[in-house]
Amino acid sequence: MANELQDLPLWMTEKPVINKTKEFIQFKGQIKQCIYPNMLASYAEEILNKIESSKIHKVVYGFDMEWPVTYNRKSNKTALIQICIDHSTCYLFHVYHIIKLPSIFVYLINHPRVRWSGVCIKNDFLKLGRDFNVDVSGALSNIIDLGTYTNKVLDFDSSTIWSMANLVQQLLKKDVNKDGNIRISSWDNTTLDQNQCMYAATDAFISLILYERLKKFDKEDELQIN
């Protein structure tokens, strides 16, 4: 840690209450799911309309992906893409059974006015590009890696590695429900159960609110939250 404890903001040095209460963060807005390519395109257009109508030059969306876990270390195809556009709406795009992503969805991913916030999501976008043979260069140039951003804003050593759970504990004084049974569940199913949907939406939501928290301490960031 680059700074001594006395140099950290008070909220970073206070004892978190999570050890006793296990106060899990949970997304409480609307979850919009889509399974078929036409639905995927329709929801992508819906998000693009929000971007185009926004007065903010750059919008920030929470991003995450899920895929089935295997025990032979083989990386399965991307199954679910989660995009949280604000505190009230999160989209779950089921893509495992889709052969070709709609061009409008690829356009959304690479939109120059969208910045994607998440933990280690560069690798997610690279995987998405490989799995569907699509260009993700626009997305890669607009990533906010929350671990790197935390080190920059709070002056931690640049080599410090953060997990989402650790970031939530440090920045929000809460916890993330990383139930192993859900985390490694069958994400290739098009009919996800309620626990899977909440897990997936919450991860993307957390990716957004962590950025919002850090932005308050970043004097160089001129972006505004939509």
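Numbering of residues begins from 1 in every chain and follows the order in which that chain's sequence is written. Whole-chain, interface and lining totals are the exception, using all residues; otherwise, since this is a predicted model, local features are given only for residues with pLDDT of at least 70 and side-chain atom pairs are given and counted only at 80 or more. Side-chain calculation: all heavy atoms of the structure are included, whereas hydrogens and water are not.

Description of the environment of C90
Phase 1 of the analysis: In this structure, C90 sits in strand β4 (residues 89-94).
Phase 2 of the analysis: Distance in space between the C-alpha atoms of C90 and A201 is 6.0 Å, their sequence separation being 111 residues.
Phase 3 of the analysis: Not counting residues up to four positions away in its chain, the partners in contact with C90 are F27, Q30, I31, K32, I83, C84, A201 and A204. Helix and strand definitions here come from DSSP, where helices need a minimum of 4 consecutive H or I residues and strands a minimum of 2 consecutive E residues; each element is numbered from the N-terminal end. The contact rule is simple, with two residues in contact once any of their heavy atoms fall within 4.5 Å.

Re the pattern of salt bridges
Close approach of charged atoms allows side chains of opposite charge to pair.
Phase 1 of the analysis: Salt bridges are counted wherever a side-chain nitrogen of Lys or Arg sits within 4 Å of a carboxyl oxygen of Asp or Glu. Summed over all chains, the structure comprises three salt bridges.
Phase 2 of the analysis: Residues E46 and K32 are paired through a salt bridge, measuring 2.6 Å at the closest nitrogen-oxygen approach. Of this pair, E46 sits in helix α3 (residues 37-53) while K32 sits in strand β1 (residues 30-34), and the two are 14 residues apart along the sequence.
Phase 3 of the analysis: Summary of the burial criterion: residues with accessible area below 20% of their type's maximum are buried, those above 50% are exposed, and those between are partly exposed, where the area comes from a 1.4 Å probe applied to protein chains only. Looking at E46, the relative accessible area reads 25%, which means it is partly exposed.
Phase 4 of the analysis: Note that K127 is salt-bridged to D131, the shortest N-O span being 3.2 Å. On the criterion of helical spacing, the pair formed by K127 and D131 is a turn pair, its members being four residues apart in helix α5 (residues 121-132).
Phase 5 of the analysis: Given the relative accessible area of 26%, D131 is considered partly exposed.

Quick look at the pairing of strand β5 (residues 114-118)
Phase 1 of the analysis: For β5, the tally of buried residues reaches four of five residues, placing the bulk of the element in the interior.
Phase 2 of the analysis: Here strand β2 (residues 59-66) pairs with β5 via four bridges, running parallel. Counted as the bridge partner of G62 is S117 from β5.
Phase 3 of the analysis: Two elements, β5 and strand β6 (residues 143-145), share three bridges in a ladder whose sense is parallel. Residue pairing for β6: W116 is matched across the bridge by I143. Should DSSP find at least two bridges between two strands, the strands are regarded as paired.

Thoughts on the confidence of the model for the protein
Phase 1 of the analysis: In this model, the protein carries a mean pLDDT of 87, and residues with pLDDT of at least 70 account for 86%.
Phase 2 of the analysis: The pLDDT value expresses, per residue, how confident the predictor is, ranging between 0 and 100. Taken together, the stretch residues 1-21 has pLDDT below 50 and engages in 31 contacts with residues farther than four places along the chain or on a different chain.

Here we look at the packing of aromatic side chains
Phase 1 of the analysis: Classification of ring pairs uses Phe, Tyr and Trp, with its six-membered ring standing for Trp, and accepts pairs whose centres are within 6.5 Å; under 30 degrees between planes counts as stacked, over 60 as edge-to-face, and the remaining range as tilted. One pass over the structure, following the stated rule, counts 11 aromatic pairs.
Phase 2 of the analysis: A ring pair is formed by Y91 and F93, whose centres lie 5.9 Å apart and whose planes are at 10 degrees; its orientation type is stacked. Each member of the pair, Y91 as well as F93, carries the same accessibility label: buried.
Phase 3 of the analysis: Residues W116 and F125 carry aromatic rings whose centres are separated by 6.0 Å and whose planes lie at 55 degrees to one another, so their mutual orientation is tilted.
Phase 4 of the analysis: Given the relative accessible area of 0%, F125 is considered buried.
Phase 5 of the analysis: Clustering of aromatic rings is evident, with ring pairs tying together Y43, Y91, F93 and F105.
Phase 6 of the analysis: When the NZ atom of lysine or the CZ atom of arginine is within 6 Å of a ring's centre and also within 35 degrees of its normal, the charge is said to sit over that ring. In this structure, K127 is placed above the aromatic ring of W67, and the distance from its NZ or CZ to the ring centre is 4.9 Å.

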